Amino acid sequence: MRLGVLAGGNGLGLDELIGQVREAAGAGLDSAYFSQVLSWDAVTLAALAAREVPGIAVGTAVTQTYPRHPLALAGQALTAQAASGNRFTLGIGPSHGPLIETHFGLSYDRPARHVREYLSALVPLLRGEQVDYHGETLTAAGRVVVPGAEPPPVLLAALGPVMLRMAGELADGAVTVWTGPETIARHVTPAVTRAAAAAGRPRPRVVAGVIMSVTADPEGVRRRVAESLGPAGNLPSYRAMLDRQGKSGVEETIVAGDEPAVEQAVRAYAEAGVTELVVSLFGDPHERARTLGLLGALRGPRGDAQGDAQ
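In what follows, the accompanying structure is described. Model, not experiment: these values are computed from the prediction. (Residues numbered from 1 in each chain as written. Predicted model: local features only at pLDDT ≥ 70, side-chain atom pairs only at ≥ 80, totals over all residues. Heavy atoms only, no water.)

Notes on the overall build of the chain
Summing up its helical and strand segments, the chain has 12 helices and 12 strands in all. Against the compact-globule benchmark of 19 Å for 310 residues, the chain has a radius of gyration of 18 Å, which places it among compact chains. Projecting the C-alpha coordinates of the chain onto the three principal axes gives extents of approximately 55 × 40 × 40 Å. The buried share of the chain, reckoned over its 310 residues, is 52%. (Helix = DSSP H or I, 4+ residues; strand = E, 2+ residues; numbered from the N terminus. Rg over C-alpha atoms; globule rule 2.2 N^0.38 Å. Buried < 20%, exposed > 50% of the residue type's maximum accessible area, 1.4 Å probe, protein only.)

Below, the structure written as structure tokens:
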């Protein structure tokens, strides 16, 4: 299992964001991802980080589909791939109705249909193919060529059965959030793997996002997460996943505790079939440093976190 970080934080400048990627690379981690909301552009950040920090893989987890036409995102993603020396992974997702409809003024009607059509156009565009796609929700006609850029892997934000099926059938895997190892083992990994096999595709990636803190005060960390991120649990797709796990809020899905407790949780994710664990470091500077240090130790000289867990 690969180990990475989700870089970010409220009010951070570019140098601070790149600094987080540099710290992750210094700890020996495999990857650094950026998310897309209404601030920094995640694809651009990933490209810049890759140029500044050699060796580490970069990606988005995730960038929204609705505001970005597939032709535009294909050009942007292939540019990031070229800038990174082909170390870029494109994670995409439809986001949420309140964000797309309120901020962008776009219809969020039938997001699963939108995603299927979006991937049907985007994936061949990333391969440099000529596309002439006419669907119910979008039209894409053209070709994108970026010299030196290989087609980047595409991951789909997926929690429910329909999206997980598309992640295996049309993309290279799934990205989850607020999802514990037991649910990934029972629900996520089997669903996306079956879909990929049925479509004749390679075994998919299962990328799990998790908030993590090595701390002496795990309950305090959970309270702070609830205060800052609690409303996210009311979004329909997140609420459905929390209900599936019997959780009342997103704070109950985080990993917090001392080194042995957090290490045990990391190993549980590996055993659940997660191929890459993307960690949001949470806490004060000391707690964040402890967490990153533990991840680096688990990564080891060859990053054999999964092998160690078996």
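Having seen the model, we can carry on.
What about the pairing of strand S5 (residues 88-93)?
Of all the 6 residues making up S5, 6 are buried; the element is thus mostly covered by neighbouring parts of the structure. Of the two faces of S5, the one holding Phe 88, Leu 90 and Ile 92 and the one holding Thr 89, Gly 91 and Gly 93 are both buried throughout. Where strand S3 (residues 57-60) meets S5, 2 bridges bridge the pair, whose relative direction is parallel. When the bridges of S5 are listed, Val 58 appears paired with Phe 88. With 2 bridges connecting them, strand S4 (residues 63-64) and S5 associate as parallel partners. Across the sheet, the residue bridging to Gln 64 is Gly 93, located in S5. Of the crossover connections in this fold, the one passing from S4 over helix H3 (residues 70-83) to the parallel S5 is right-handed. Pairing between S5 and strand S8 (residues 154-157): 3 bridges, direction parallel. If you follow Ile 92 over to S8, its bridge partner there is Leu 156. (Pairing = 2+ DSSP bridges. Right-handed = clockwise from strand over helix to strand, strands pointing away.)

Side note on the packing of helix H10 (residues 259-271) against helix H11 (residues 285-299)
A pair of packed helices is characterised by two quantities: the angle between their axes and the separation of those axes. With their axes 11 Å apart at the nearest point, H10 and H11 run at an angle of 50° to one another. The angle between H10 and H11 places the two elements in the oblique class. Handedness of the H10/H11 crossing: right-handed. Counted together, Glu 259, Val 262, Glu 263, Val 266 and Arg 267 of H10 and Arg 290, Leu 294, Leu 295 and Leu 298 of H11 form the full contact between these two elements. Considering only residue class, the contact of H10 with H11 consists of 5 nonpolar, no polar and 4 charged. (Axes fitted to C-alpha atoms, helices over the stretch in contact; angles between N-to-C directions. Parallel < 35°, antiparallel > 145°, perpendicular 65-115°, else oblique. Left-handed = near helix turned anticlockwise from the far one by under 90°. Contact = heavy atoms within 4.5 Å. Nonpolar A, V, L, I, M, F, W, Y, C, P; charged D, E, K, R; others polar.)

Some remarks on the pattern of salt bridges
Any two side chains of opposite charge can pair, so long as their charged atoms come close to each other. Across all of its chains, the model carries 15 salt bridges by this definition. With a shortest N-O distance of 2.8 Å, Asp 30 and Arg 299 are connected by a salt bridge. With Asp 30 in the loop between helix H1 (14-26) and strand S2 (31-34) and Arg 299 in helix H11, this residue pair connects regions lying 269 residues apart in the sequence. Accessibility assignment for this pair places Asp 30 and Arg 299 in one class, buried. We note a salt bridge from Arg 186 to Glu 182, for which the minimum N-O separation is 3.8 Å. In this pair, Arg 186 and Glu 182 are both assigned in helix H7 (residues 181-198), 4 residues apart and thus about one turn of the helix distant. There is no split in this pair, since Arg 186 and Glu 182 are both exposed. Connected through salt bridges with shared partners, the residues Arg 2, Arg 205 and Glu 276 form a single ionic network. (Salt bridge = Lys/Arg side-chain N within 4 Å of Asp/Glu carboxyl O.)

Re the layout of surface pockets
Taken as a whole, the second largest pocket spans an internal volume of roughly 280 Å³. Together, 13 residues line the second largest pocket, and Gly 180, Pro 181, Glu 182, Gln 245 and Lys 247 are the ones closest to its centre. Elements with a contribution of two residues or more to the lining of the second largest pocket: H7 and H10. Top contributing element to the lining of the second largest pocket by residue count: H7, with 4 residues. (1 Å grid on protein atoms, 1.4 Å probe; cavity = no way out; pocket = protein on both sides within 12 Å on 5 of 7 lines; lining within 4 Å. Points joined across faces, edges and corners; volume = space filled by probe spheres on them.)

Some thoughts on H1
The end-to-end C-alpha distance of H1, which contains 13 residues, comes to 18 Å, matching closely the 18 Å that a straight helix rising 1.5 Å per residue would cover. For H1, the set of buried residues is Leu 17, Ile 18, Gly 19, Gln 20, Val 21 and Ala 24. Each element contacted by the buried residues of H1 is listed here: strand S1 (2-7), S2, helix H2 (42-52) and H11. Looking one or two residues past H1, Gly 28 carries a phi angle of roughly 90°, positive in sign. (Expected span 1.5 Å × (residues − 1).)

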